[in-house]
There are 2 protein chains.
Amino acid sequence: MPPTTDTPLLLSTLRSALPDEALLTDPAALAAHSRDSAPFSACGTPAVVAVPRTAEQVAHVMRTSYALGVPVVPQGARTGLAGAANAVDGCIVLSTAAMDRILSVDPANRLVRCEPGVTTRRLADAVAEHGLTYPPDPASWERCTIGGNIATGAGGICCVKYGVTADYVLGLDLVLPDGRRLRTGRDTVKGVAGYDLTRLVVGSEGTLAVVVGATLALRPARPPALSLLAQFPSLKAAGEAVAAITAAGHTPSALELLDRATTEAVVDLGRHRLLRTGSAATLIVESDSADPSADLTSMELLCKEAGADHITAAATAEEAREIIEARRLVSPALAAYMASRGGGLTAFIEDVAVPRSALAELVGQIERIAGHHRLQIFTLGHAGDGNLHPTVVFDESDPDESARARSAYDDIMEAGLALGGTTTGEHGVGTLKRDWLERELGPVSLELQRGLKRLFDPRNLLNPGKVVTA
Amino acid sequence: MPPTTDTPLLLSTLRSALPDEALLTDPAALAAHSRDSAPFSACGTPAVVAVPRTAEQVAHVMRTSYALGVPVVPQGARTGLAGAANAVDGCIVLSTAAMDRILSVDPANRLVRCEPGVTTRRLADAVAEHGLTYPPDPASWERCTIGGNIATGAGGICCVKYGVTADYVLGLDLVLPDGRRLRTGRDTVKGVAGYDLTRLVVGSEGTLAVVVGATLALRPARPPALSLLAQFPSLKAAGEAVAAITAAGHTPSALELLDRATTEAVVDLGRHRLLRTGSAATLIVESDSADPSADLTSMELLCKEAGADHITAAATAEEAREIIEARRLVSPALAAYMASRGGGLTAFIEDVAVPRSALAELVGQIERIAGHHRLQIFTLGHAGDGNLHPTVVFDESDPDESARARSAYDDIMEAGLALGGTTTGEHGVGTLKRDWLERELGPVSLELQRGLKRLFDPRNLLNPGKVVTA
C-alpha cells in the first residue's frame, strides 16, 4: 500500500530550498521518470521529480522525505535493466542528472572527483585528456551516469581485463535517508580503516544512500588494441577456445561471444564485411597488451586448435575496429530483426553469470530453452568472465508470448544457478530479480541484507522495494 | 568488565564436539595465544584455546560462546600489527591455524578454494604449480594465514600493481556469532546479487564472522621481473621521481622507498654490495611488464632527471634479485641496529597511507617528528601507493622513551590525516587505532559502523573491543 502523499505540502516543503526549475510536476515529466529500461517490472507515478544541482539540495529532498514520510527514488539516466530506478506511486523521483560536474582530475594520484550525473562517456573523455583512462564501459556508456554505474555496480566489455565499477570507487560522498551527509572511503590507493561502507553502497541500487559525489581511481591510458574474429561450427568448440585462451595465461581486453542467432542477425543486417553465416558461435577477441600482435597470433592458434573454421585477425588498427564493430552491430541488428517482425516488440536483455568454464554449457541450455518456449533468444556474452546477456525478443501485447518470455527468463536464471552462477552479473536486482535474489542468497544472508537496509534506512523511504524488502 | 567465565562448564561444552587435542588449556599455550605482534595494545588471558579442524567444529565453538556468553577471539598466525587478534580475559581463542587445506585449484576459472589456516606462502606455491599466481604478499607471507589476510585486508609490496587481498576474495564461507553458517559471494568473476557481504567481512578483523573457507581469484603467473636501485640526495627528489614515474604511465610491480635512517641501517649491516651510504632516500623499482628492460630504462631516466645520484639497473634476473634484496635486508638491519643498542628494544611498525603525491612530504614530517621526540624512526614505504611503515625503535622498559614513542605515533597519525590520508593503509585498526578510527571516520560513519557490528554480533561476543566498540 503506497503512502498517501499530501502533494501541496510536499511541494511547498521542497520549494523552500529548491528553485522552481528543479521541481517537475507536469504529467509528461512524471511519466518520463516513472521507470528505467527494464520490462516486466512494476512502476508507479511520482508526485514530483526533483532535479537538484547541489548536495545540499539533495539533503533537503531527503530531509523532506524523512519529515513527511514520502519515499524517494533516485534516478540517473534510467538506462538500468532491472527496474531499480522505477518510481513508486506518490514518491519523489530524485534525479541526479543535473549534478554533472567533473570536480578535479588528479593525474599525480591517478584519480578523479566528480558528481553523480556526469555520463561515463564524458568522464572517460575528460580523463583521456590527461593520458588516463576510466575503464568501466557498460553498453550504455554514452548516456549512463557515474551515479547509476555506482548504484548498479556496472560492468562492461573491458571488465574481463580491467575490472568493474566497484574496483574503481575509492570514496563516496553520500546523503543518508534522514538527510545527514556521510563521506566514505578515501583519496589513498590503500586503506582499511573500519568496515568498507564504500563497497557496501556500490551496487546497492540507491537503497542505502544517495551518491552526491565520488572519488574514482584511474589507470594509465590503454595501449592501442588489435583484435580477431573467430567463428565456430559448435558451441563446444567456442567454449574450448575460451578455456584454452584462459589456460594459456592470456588476459584479453575483450572476449565476447555471439551465439548462432546473434551472429545470423548481424550477418542479416548486411553491414559487416567479415562475419559469415552458418556459425554456431562467434568470438571477438581483443588484446591491448604491450605486444597485441603476438598475443593475438597465439590466441588465433588456440581458436584454430579448438575448431574455429573462419578466423580474421586484424593487422592494423582499422581492421581491429572493423572486427569490434561486429559487437557494436548487435544492437542495430536486433532492432532490424524486431522491425522485420513488424515492430512493437520488446527486447528483454537478461544478465546471468556462470564460472567461465560453464559458459558454453549455459549458451547451449539457453538455446534449448528458446526452442522449448518457441521464442527467439539472442545470446551475447562477455565470454571472458562468464557473463551472458540472453535477449528475449517478444510481443508484450501477446499475453501468451509474454508468459513464455517470462518462463524462459525463469528457466535461464534456474540454469545459471544450477551451473554455480549468479542471477545477475552486472545489471542488478531491482524489482525484477528480488524473488531470485532470495533464492540465490538463502535465508541467513537475506536476514543480514534486510538488516543492512534497516540500518541505513530505518523508515524504508529510500527506493523502497528494490533489492530486498525491508 | 570482562565476563566471569565458568571454565569447567565452558570446557565440558566445548569437549562435547571437539577432540581433546583441539582444546589447549596449559598456561604456556594460553600465554602464547594472548596477543598478536602489536605493541601498545592491551590483551587478556584466554580461558581456552580452541584449534578446530572443521567448519562444524567452529560452529560448535560459536554456539558455545553464544549459549554461555563467553567471548571468542579468532586468531591466525598472530602476525598482525594492530592488536586485532589480542585475547580478552576469559575468552575462547579460536585459532583457525589447523584448518589449512587447499581444497581445489581451478585453472579454468582462475580460482582457488581453501581453508583459512593455509599460509599465504603455501597457497602461492600451490597455485604456481598451475601456472597461476595469488599476488598479495604481506611482509609476513611465509607465516601469515589467508584467514588473517582476509580479516585484515592485507596488502604487500606488489599491491601497487596487483591490488590487495580484498581484490581477490570472490566468496567466503563464514560462521556467524550465533553459530549459523553463511556463504557470501560467488564462484563467478562478476556478480551484483545483493549487498556485498563478502567485502564487508574482508578487513573486519574477525569482528563480524569467522572465516572458515574462501574462494580466491588468481592471475596468470607473473612474468620475470627486472629492477633498479636509485639513491637520492633529498627526499624531495625521490618524491619527484615517484611522481614522474606515475605521470609517465608506468605501473611498476614494486616501488619501495627507504628513508635515510633505513638506508644507513642496511648499509651498516654490510650485506648489500650496491647500496651506498649518505643518501636521503632510496627507491627500489621493479617491473614485470612484457618488456621490463625498456620500462626500467625509461624509469631510470626519470630518476636521473629527478636528481638521483646513484643508480644501479639490473640487466639480469640475478642482479634484479640483488637489488630487491636491499628491501628484504631492512628487517635484519633493524634487528642488528637494535642488538647494537644492547637488545631488549621494541620495534613498533607503523602504517599510514597518504595520496601518492604527499609521500615525500610525509616522510620529511616523520623525520622531524623523530627529531622532536629524540627517537630513531626508520621509514620504509610502499611509495607507489603512498603507504608508509615508519618503524619506531624504543625501549619499552624506559617509561619516558615509551611515552615519547607513543607521542610520535600520535603525531604521525595526525600528519597522515592532515595530508588527506588514512591512519591505516593495510595493518588494520585492532585495539591500537580505535581512537584514531573515530577521529578519521567521524560520528555519522561511526554510528553506522557500530550498527553493522550490532547487526552481525548483537551480543558483542565476537572479538569484542576491536575496530569499533559496540
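Since we're looking at a predicted model, the values are computed, not measured.

1. Re the overall build of chain A
Thought 1: Check the secondary structure of chain A and you find 15 helices and 19 strands.
Thought 2: At 23 Å, chain A has a C-alpha radius of gyration in line with the 23 Å of a compact globule built from 470 residues.
Thought 3: C-alpha extents for chain A along the principal axes are approximately 70 × 60 × 45 Å.
Thought 4: Taken over 470 residues, chain A has a buried fraction of 62%.
Thought 5: If you take every contact in chain A between residues at least 6 apart in sequence, the share linking residues at least 24 apart comes to 73%.
Thought 6: For chain A, the computed accessible surface area is about 16,400 Å², with 51% contributed by carbon and sulfur atoms.
Thought 7: Here chain A contributes 43 positively and 55 negatively charged side chains, and the mean placements of these two sets differ by 4 Å.

2. Focus: the domain arrangement of chain A
Residues and elements named next belong to chain A.
Thought 1: As assigned here, chain A comprises domain 1 (7-98), domain 2 (102-220), domain 3 (226-418) and domain 4 (433-470).
Thought 2: Taking only C-alpha atoms, the centre of domain 3 and the centre of domain 4 are 33 Å apart.
Thought 3: Between domain 3 and domain 4 the total buried area reaches about 550 Å² when both faces are included, carbon and sulfur atoms providing 55% of it.
Thought 4: In terms of surface lost to domain 4, no three residues of domain 3 exceed Tyr409, Glu414 and Leu417, which account for 65% of the buried area on that side.
Thought 5: Summed over the shared surface of domain 3 and domain 4, the number is two salt bridges.
Thought 6: For the pair domain 3 and domain 4, the interface holds four residue pairs in polar contact (both at pLDDT 80 or more).
Thought 7: Taken together, the residues of the side of domain 3 that touches domain 4 break down into three nonpolar, no polar and four charged.

3. Some words on the packing of helix H11 (residues 317-328) of chain B against helix H12 (residues 330-340) of chain B
Residue and element names in this part refer to chain B.
Thought 1: Between H11 and H12, the least distance of the axes is 5 Å, while the angle of their chain directions is 45 degrees. When the axes of H11 and H12 are compared, the pair comes out oblique. In contact with Ala326, Arg327 and Arg328 of H11, H12 contributes Val330, Ser331 and Pro332.

4. Remarks on the side chain of B:Asp457
Residues and elements named next belong to chain B.
Thought 1: Following the sequence through the fold, Asp457 ends up in the segment after helix H15 (434-456).
Thought 2: Of the residues examined, Asp457 reaches a relative accessible area of 3% and is grouped as buried.
Thought 3: Side-chain polar atoms of Asp457 contact the side chain of Lys453, separated by 2.8 Å.
Thought 4: Each residue touching Asp457, except ones within four places of it in the same chain, is listed here: Pro177, Thr207 and Leu462.

5. Looking at the relation of the copies chain B and chain A
Thought 1: For the match of chain B to chain A, the screw axis carries a shift of 0.0 Å, the RMSD comes to 0.0 Å, and the turn is 180 degrees. The transformation relating the two chain copies, once decomposed into turn and shift, fits a two-fold axis.
Thought 2: Of the interface residues in chain B, 100% have counterparts in chain A that sit at the interface too, so the contact is made through matching surfaces.

6. Some thoughts on the nonpolar core
The nonpolar side chains of soluble globular proteins are, as a tendency, buried together.
Thought 1: A:Leu216 and B:Leu216 are the most contacted members of the largest nonpolar core, which totals 89 residues.
Thought 2: Excluding its chain neighbours within four sequence positions, the residues that come into contact with A:Leu216 are A:Arg110, A:Leu111, A:Val112, A:Cys114, A:Leu123, A:Tyr134, A:Ile146, A:Ile150, A:Tyr168, A:Val169 and A:Leu170.
Thought 3: B:Ile245, B:Ala314, B:Val392 and B:Tyr409 belong to the second-largest nonpolar core, a separate cluster that totals 71 residues.

7. Quick notes on H11(B)
Along an α-helix, a turn takes 3.6 residues, which lines up residues three or four apart on a common side.
Residues and elements named next belong to chain B.
Thought 1: Taking 1.5 Å as the rise per residue, H11 with 12 residues should run 16 Å; its terminal C-alpha atoms sit 16 Å apart, in good agreement.
Thought 2: Of all the positions in H11, only Ala320, Ile323, Ile324, Ala326 and Arg327 are classed as buried. The buried residues of H11 all sit within an arc of 130 degrees when viewed along its axis, so they share a single face. In H11, the exposed positions that point more than 90 degrees away from the buried face belong to Glu318, Arg321 and Arg328.

8. Details of the packing of aromatic side chains
Thought 1: Counted under the stated rule, the structure contains 10 aromatic pairs over all chains.
Thought 2: Between A:Tyr134 and A:Tyr168, the ring centres sit 5.9 Å apart and the planes meet at 70 degrees, which makes this aromatic pair edge-to-face. Pair noted here: A:Tyr134 is in the loop between strand S7 (132-133) and helix H5 (146-152) and A:Tyr168 is in the loop between helix H6 (159-162) and strand S8 (169-175), with a separation of 34 residues, a long-range link.
Thought 3: On the basis of relative accessible area, A:Tyr168 is assigned to the buried category, the value being 3%.
Thought 4: With a centroid separation of 5.3 Å and an interplanar angle of 10 degrees, the aromatic rings of B:Phe40 and B:Phe394 are classed as stacked.

9. Structural notes on the interface of chain B and chain A
Thought 1: Opposite the 68 residues of chain B that make contact, chain A presents 68 residues.
Thought 2: Taking both partners together, chain B and chain A bury about 5,500 Å²; carbon and sulfur atoms supply 61% of that area.
Thought 3: Area buried by chain B at its contact with chain A is led by B:Lys190, B:Val192 and B:Tyr195, which between them contribute 18% of it.
Thought 4: The interface formed by chain B and chain A includes eight salt bridges.
Thought 5: A salt bridge links A:Asp385 to B:Lys190, with the nearest nitrogen and oxygen atoms 3.4 Å apart.
Thought 6: Where chain B meets chain A, there are 30 residue pairs in polar contact (both at pLDDT 80 or more).
Thought 7: Put simply, the parts of the chain that give the side of chain B that touches chain A at least two residues each are strand S9 (181-185), helix H7 (197-201), helix H8 (235-247) and H15 of chain B.

10. Things to note about the packing of helix H9 (residues 260-269) of chain B against H12(B)
Residue and element names in this part refer to chain B.
Thought 1: One way to put it is that H9 packs onto H12 with a least axis distance of 8 Å and a crossing angle of 80 degrees. It follows from the interaxial angle that H9 and H12 lie roughly perpendicular. Contacts from Thr262, Ala265, Val266 and Leu269 in H9 reach Val330, Pro332, Ala333, Leu334 and Ala336 in H12.
Thought 2: By residue class, the composition of the contact of H9 with H12 is eight nonpolar, one polar and no charged.

11. Considerations on the environment of A:Ala280
Thought 1: With respect to the secondary-structure elements, A:Ala280 resides in the loop between helix H9 (260-269) and strand S14 (281-287).
Thought 2: Residues contacting A:Ala280, with those up to four places away along its chain left out, are A:Phe232, A:Pro233, A:Ser234, A:Leu235, A:Asp259, A:Arg260 and A:Glu367.

12. A few points about the sheet that holds strand S6 (residues 111-114) of chain A
All names here are of chain A.
Thought 1: One open sheet holds the five strands; their spatial order is S5-S6-S10-S8-S9, and the pairing between them is antiparallel. Every other strand in the sheet has two partners, leaving strand S5 (102-106) and strand S9 (181-185) as the edge strands with one partner each. Pairs of neighbouring strands in the sheet enclose a mean axial angle of 10 degrees, with direction left out of account.
Thought 2: Relative to S9, S8 runs antiparallel, the two being bridged by five bridges. Looking at S9, one finds that Gly171 is bridged to Gly185.
Thought 3: The sheet strands contacting helix H4 (residues 120-128) are S5, S6 and strand S10 (210-217), and the helix crosses S5 at an angle near 40 degrees.

13. Looking at the sheet that holds strand S2 (residues 48-50) of chain A
All names here are of chain A.
Thought 1: Spatial strand order, S1-S2-S4-S3: four strands in an open sheet with mixed pairing. Looking along the sheet, the strands with just one partner apiece sit at the ends: strand S1 (23-24) and strand S3 (72-75).
Thought 2: Pairing of S2 with strand S4 (residues 92-95) involves three bridges; the strand directions are parallel. Of the residues in S4, the one forming a bridge with Val49 is Val93.
Thought 3: Along the sheet, helix H1 (residues 7-15) contacts S1, S2 and S4; its crossing angle with S2, the most-contacted strand, is approximately 15 degrees.
Thought 4: Of the strands in this sheet, S2, S3 and S4 are in contact with helix H3 (residues 55-68), which crosses S4 at around 165 degrees.

14. Let's talk about the side chain of A:Thr79
Thought 1: Inspection of the secondary structure assignment puts A:Thr79 in the loop between S3 and S4.
Thought 2: With sequence-adjacent residues up to four places away left out, A:Thr79 is seen in contact with A:Ser37, A:Ser140, A:Arg143 and A:Cys144.

15. Structural notes on the environment of A:Asp36
Thought 1: For A:Asp36, the location among the structural elements is in the loop between helix H2 (27-32) and S2.
Thought 2: Other than its neighbours up to four places away in sequence, A:Asp36 contacts A:Arg78, A:Gly80, A:Ala82, A:Gly83, A:Ala84, A:Ala85 and A:Asn86.

16. A word on the environment of B:Thr391
Residue and element names in this part refer to chain B.
Thought 1: Tracing the backbone through its elements, the reader meets Thr391 in strand S19 (residues 387-394).
Thought 2: Distance in space between the C-alpha atoms of Thr391 and Ile377 is 5.4 Å, their sequence separation being 14 residues.
Thought 3: Once residues lying within four places of it in the same chain are set aside, the contact partners of Thr391 are Leu334, Ala347, Phe348, Ile349, Gln376, Ile377 and Phe378.

17. Observations concerning the pattern of salt bridges
Thought 1: In total, this model carries 62 salt bridges over all chains according to the counting rule given.
Thought 2: Measuring nitrogen to oxygen at the nearest pair gives 2.8 Å for the salt bridge that ties A:Arg222 to A:Asp288. Highlighted residues: A:Arg222 in the loop between strand S11 (219-220) and strand S12 (226-232) and A:Asp288 in the loop between S14 and helix H10 (292-306), separated in sequence by 66 residues.
Thought 3: For B:Asp288, the salt bridge identified is with B:Lys161, shortest N-O distance 2.7 Å. Here the residue B:Asp288 occupies a position in the loop between strand S14 (281-287) and helix H10 (292-306), and B:Lys161 occupies one in helix H6 (residues 159-162), the gap between them amounting to 127 residues.
Thought 4: Using a relative accessible area of 26% as the deciding quantity, one classes B:Lys161 as partly exposed.
Thought 5: One network of salt bridges, with partners in common, ties together A:Arg113, A:Asp173, A:Arg183 and A:Asp187.

Rules used throughout
Residues numbered from 1 in each chain as written. Chains lettered and ligands numbered in written order. Predicted model: local features only at pLDDT ≥ 70, side-chain atom pairs only at ≥ 80, totals over all residues. Heavy atoms only, no water. Helix = DSSP H or I, 4+ residues; strand = E, 2+ residues; numbered from the N terminus. Rg over C-alpha atoms; globule rule 2.2 N^0.38 Å. Buried < 20%, exposed > 50% of the residue type's maximum accessible area, 1.4 Å probe, protein only. Contact = heavy atoms within 4.5 Å. Areas by Shrake-Rupley, 256 points an atom, 1.4 Å probe, with all protein chains shown as cover. Lys, Arg positive; Asp, Glu negative; His and termini not counted. Charge placed at Lys NZ, Arg CZ, Asp CG, Glu CD. Domains from an automatic or database assignment. Buried area = accessible area lost by both parts, 1.4 Å probe. Salt bridge = Lys/Arg side-chain N within 4 Å of Asp/Glu carboxyl O. Polar contact = N/O pair within 3.5 Å; in protein donor to acceptor, adjacent residues only side chain to side chain. Nonpolar A, V, L, I, M, F, W, Y, C, P; charged D, E, K, R; others polar. Axes fitted to C-alpha atoms, helices over the stretch in contact; angles between N-to-C directions. Parallel < 35°, antiparallel > 145°, perpendicular 65-115°, else oblique. Least-squares fit on C-alpha atoms with pLDDT ≥ 70 in both. Core = buried A, V, L, I, M, F, W, Y, C linked by side-chain atoms within 4.5 Å. Expected span 1.5 Å × (residues − 1). Arc of directions from axis to C-beta. Phe/Tyr/Trp six-rings, centres within 6.5 Å; stacked < 30°, edge-to-face > 60°. Pairing = 2+ DSSP bridges.

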